[in-house]
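Reading the structure
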Amino acid sequence: MSERELLFELDGKFPNLRYSLPMAMQHLVAMIVGCVTPSIIIANLAGLDNAHSVLLIQTSLVTAGFSTFVQLFIGSRLPLIMGVSFAYLSSMQAIVSGFGIAEIFGAQIVGGIIAMIIGMFAKKLQKLFPPLITGTVVFTIGLSLYPTAITYMAGGSGSPDFGSWQNWMVAVSTLIIVTVCNHFGKGIIKLASILIGIFAGYMISLPFGMVDFSSISSSSLFSLPRLAPFGIRFELSAVFAFSILFAINSIQAIGDMTATTVGGMSRQPTGNELKRGIVAYGASNIISAVFGGLPTATYSQNVGIISTTKVVNRKVISITALLLVVAGVIPKFSAVLTTIPQCVLGGATVSVFASIAMTGMKLVVSEPMNYRNTSIVGLSAALGVGISQVTEALSQFPEWVTMVFAKSPVVVATIVAIVLNMILPKEKDKNDKE
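Heads up: these notes are all about the structure in this document. (Residues numbered from 1 in each chain as written. Predicted model: local features only at pLDDT ≥ 70, side-chain atom pairs only at ≥ 80, totals over all residues. Heavy atoms only, no water.)

1. Focus on the pattern of salt bridges
Any two side chains of opposite charge can pair, on the condition that their charged atoms come close. As enumerated under the stated definition, the model contains 4 salt bridges in all. Between Arg 77 and Asp 11 there is a salt bridge, and its shortest N-O distance comes to 4.0 Å. With Arg 77 in the loop between helix 2 (50-73) and strand 1 (82-84) and Asp 11 in the segment before helix 1 (17-46), this residue pair connects regions lying 66 residues apart in the sequence. Judged by relative accessible area, Arg 77 falls into the partly exposed class, the value being 33%. Overall, the relative accessible area of 54% leaves Asp 11 in the exposed class. Through salt bridges with shared partners, a single network forms among Asp 11, Arg 77 and Arg 314. (Salt bridge = Lys/Arg side-chain N within 4 Å of Asp/Glu carboxyl O. Helix = DSSP H or I, 4+ residues; strand = E, 2+ residues; numbered from the N terminus. Buried < 20%, exposed > 50% of the residue type's maximum accessible area, 1.4 Å probe, protein only.)

2. Brief notes about the packing of helix 2 against helix 15 (residues 331-338)
Running from N to C, helix 2 and helix 15 cross one another at 115°; their axes reach a closest spacing of 8 Å. Viewed along their axes, helix 2 and helix 15 adopt a mutual orientation that is roughly perpendicular. Where helix 2 crosses over helix 15, the two elements pack in a sense that is right-handed. Listed contacts from helix 15 to Ser 53, Val 54, Ile 57, Gln 58 and Leu 61 of helix 2 are Pro 331, Phe 333, Ser 334, Ala 335, Leu 337 and Thr 338. Of the residues that constitute the contact of helix 2 with helix 15, the class distribution is 7 nonpolar, 4 polar and no charged. (Axes fitted to C-alpha atoms, helices over the stretch in contact; angles between N-to-C directions. Parallel < 35°, antiparallel > 145°, perpendicular 65-115°, else oblique. Left-handed = near helix turned anticlockwise from the far one by under 90°. Contact = heavy atoms within 4.5 Å. Nonpolar A, V, L, I, M, F, W, Y, C, P; charged D, E, K, R; others polar.)

3. A closer look at the packing of aromatic side chains
Scanning all chains against the criterion turns up 7 aromatic pairs. An angle of 25° between the planes, with centres 6.5 Å apart, marks the rings of Phe 69 and Phe 73 as stacked. Here the residue Phe 69 and the residue Phe 73 both occupy positions in helix 2, the gap between them amounting to 4 residues, near one helical turn. Taking relative accessible area as the criterion, Phe 69 reaches 27% and is therefore assigned partly exposed. Looking at Phe 73, the relative accessible area reads 35%, which means it is partly exposed. With 5.8 Å between their ring centres and 45° between their planes, Tyr 88 and Phe 242 make a pair best called tilted. Taken together, the positions of Tyr 88 in the loop between strand 1 and helix 3 (89-98) and Phe 242 in helix 11 (residues 236-265) put the pair 154 residues apart, joining distant regions of the chain. (Phe/Tyr/Trp six-rings, centres within 6.5 Å; stacked < 30°, edge-to-face > 60°.)

Right under this line is the structure:
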């Protein structure tokens, strides 16, 4: 078997770096921006100083690499990339605003336990989350993130020049570059569209004095993650919200594992692969929380790369995981990421959030859009997003109710979608498209 053919063997030997390194770098480019951006947003919202902001990014990179290693060689043993997910972002923002950053990690530990339990009964619980329900939730997550993107495009909450023409000019320029690369570029240009957009936006922002390099000089060259650097606290409402999210992402992981095996290996995943994959997802998140790493999930964009290239050799993917860990233990690299202006991040991520919403919509329309199903999607999204936009609507309820149901639309949308799916009668006439 030639060195190149080894790329397409799941258990193949380590291919020559001439072939394997470009494939690994392709995966890294596709996910690293998405992996670090939630950390930057949460660090800003939590008011962390430069040192702790760098530490949060650093730890998230290390735990993403660690989680990928676990998935590759202990969990599903499939070529999956794990990274900090935007799916948790709106709930994390609510938790930080209502309590603090330590409550995220307490909720993450419980969420990891929930995921491990779901993994043990993956096939039985999967029927509660058909594509219609999973799609509705993912669609709602995308919608809920739009205000975050717009706030960042305007300069970031609390910025003295919030809403200035300079911020909007840089943000829109970044968005245009991302869009052009994504729709007109080919190969690595298309794949790295967000990374290219951020780099270009960064360069455009420099003449406006938007970049502060002070955090780089004050950061050390090498540092290992620490135990509970931000603390760990358990808050019931935060735990409840994360339990819902981890249940949803467990089902999403089943979809990603299925897409990986079908697209890359022309087969369905085995029951054991699904079980071990979700259990590993939960366990790695528990360990990540202990070290202060934000919650991770399978990365669908990397699944897309697997399906396109058919490169499934897990040793190739392990190079990506190693690069994530190496980047994470170099604080100066993390410090460079903290210098990215918020308007640049907003311009780059608004397309990501739009993509999340449309991914959910694709799942939704994979099922018949009859009156029953449109009612489930419409009511779930309306109540979830509507209540989260008018938080004072629950102001007469206890504080924990507001935290669980008003701060993030995901919980309400998920509960409403599951309940309606169970109680509304199925359409008998398949041709009924009311």
